[in-house]
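Descriptive analysis of the structure
Residue-level listing of the chains:
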Amino acid sequence: MTGVSSLSGLTVRQEARRRRILEASTRLAAGGGFDAVQMREVAEESGVALGTLYRYFPSKIHLLVAVMQDQLGRLHGTLRDRPPAAATPGERVAETLLRAFRALQREPLLAEAMVRAVIFADRSVREEVDTVSVLTRAIILDAMRLGGEPSAECLSAVRVVEHTWHAALVSWLTDRAAVRQVQADIRTVCRLVPAG
């Protein structure tokens, strides 16, 4: 079947190839972190030619940022299936981010690879990093369940939550913050989320 995939503009075959590449990259990163993801190994593991891999992802950074996009998309889907149950928008955001943090704790090498890629990303990866940010904000806004358009104050709070979330992950991954401190920081920043 060679029809065009409605979401990405890729054919069904191309989307399947891209999926294999992302899955291979995820396995390699989960097994050995950032340094374990080598383009040649990704190509071999996913069953594509090295040149084909570079057509989809021009660099390892592009590839790992795409893995992060994929993981955020999966998290977003899970949260839609099992939304947070807390009473207030801020508590729901905290519940969501703490759930995501627990998932990252189960795969610390994968988390390290993805976060390092975002940190190392230069301007050539700007669009992909912006997508990571958009996905993160969408997860936060969905967790809030506002029932309408967010106010400027709300969007500002969401950005602060997003920045704190990323900074807390970097601190945890570089052993500058313990798990308990990250959890406390997430709960604290989520108190900025307006109640309505």
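Now for a look at the structure at hand. (Residues numbered from 1 in each chain as written. Predicted model: local features only at pLDDT ≥ 70, side-chain atom pairs only at ≥ 80, totals over all residues. Heavy atoms only, no water.)

Remarks on empty space enclosed by the protein
- Within this structure, the stated rule accounts for 1 cavity of 30 Å³ or more.
- Counted as a void, the largest cavity has a volume near 40 Å³.
- Along the walls of the largest cavity sit L72, L75, L97, T136, I139, I140 and W165, which together make up its complete lining.
- Among the secondary structure elements, those contributing two or more residues to the lining of the largest cavity are α4 (60-81) and α7 (126-144).
- The element that contributes the greatest number of residues to the lining of the largest cavity is α7, accounting for 3 residues.
- Grouping the constituent residues of the lining of the largest cavity by class yields 6 nonpolar, 1 polar and no charged. (1 Å grid on protein atoms, 1.4 Å probe; cavity = no way out; pocket = protein on both sides within 12 Å on 5 of 7 lines; lining within 4 Å. Points joined across faces, edges and corners; volume = space filled by probe spheres on them. Helix = DSSP H or I, 4+ residues; strand = E, 2+ residues; numbered from the N terminus. Nonpolar A, V, L, I, M, F, W, Y, C, P; charged D, E, K, R; others polar.)

Let's talk about the environment of H163
- Mapped onto the elements, H163 comes out in helix α8 (residues 152-173).
- For the pair H163 and S133, spaced 30 residues apart in the sequence, the C-alpha separation amounts to 9.4 Å.

Overview of the packing of aromatic side chains
- Summed over all chains, the structure comprises 3 aromatic pairs.
- Arranged with centres 5.6 Å apart and planes meeting at 85°, the rings of F34 and F120 form a pair that is edge-to-face. Taken together, the positions of F34 in the loop between α1 (12-32) and α2 (39-46) and F120 in helix α6 (residues 108-120) put the pair 86 residues apart, joining distant regions of the chain.
- Residue F120 is classed as partly exposed on the basis of its relative accessible area of 44%.
- Between Y56 and F57, the ring centres sit 6.5 Å apart and the planes meet at 35°, which makes this aromatic pair tilted. (Phe/Tyr/Trp six-rings, centres within 6.5 Å; stacked < 30°, edge-to-face > 60°. Buried < 20%, exposed > 50% of the residue type's maximum accessible area, 1.4 Å probe, protein only.)

As for unusual backbone geometry
- The phi dihedral of R145 falls on the positive side, at around 50°, and the residue is not glycine.
- The backbone of D175 sits at a positive phi, close to 60°, despite the residue not being glycine.
- According to the relative accessible area criterion, D175 is exposed, its value standing at 73%.

Section: the packing of α4 against α6
- Closest axis-to-axis distance for the α4/α6 pair is 8 Å, and the angle between their directions is 120°. Classified by the interaxial angle, the pair formed by α4 and α6 is oblique. Both α4 and α6 take part in a crossing whose hand is left-handed. Between α4, through I61, L64, V65, V67, M68 and Q71, and α6, the contact on the second element is made entirely by L110, A113, M114, V115, A117, V118 and F120.
- The residue inventory of the contact of α4 with α6, partitioned by class, reads 12 nonpolar, 1 polar and no charged. (Axes fitted to C-alpha atoms, helices over the stretch in contact; angles between N-to-C directions. Parallel < 35°, antiparallel > 145°, perpendicular 65-115°, else oblique. Left-handed = near helix turned anticlockwise from the far one by under 90°. Contact = heavy atoms within 4.5 Å.)

Some details on the layout of surface pockets
- Its boundaries defined by the atoms lining it, the largest pocket holds a volume of some 490 Å³.
- Breaking the lining of the largest pocket down by element, the ones donating at least two residues are α4, α5 (89-106), α6 and α8.
- By residue class, the composition of the lining of the largest pocket is 12 nonpolar, 2 polar and 6 charged.
- Within this model, the second largest pocket holds a volume of roughly 260 Å³.
- Listing elements by their share of the lining of the second largest pocket, those giving two or more residues are α1, α4 and α7.
- Here the lining of the second largest pocket gets 7 residues from one element, more than from any other, and that element is α4.
- In the lining of the second largest pocket, the residues fall into 3 nonpolar, 5 polar and 5 charged.

Describing α2
- All of the buried residues in α2 are M39, V42, A43 and S46. One face of α2 carries all of its buried residues, which in axial projection span an arc of 100°. Exposed side of α2, more than 90 degrees from the buried face: R40 and E44 are the residues found there.
- Where α2 is buried, its residues contact α1, α3 (50-56) and α4. (Arc of directions from axis to C-beta.)

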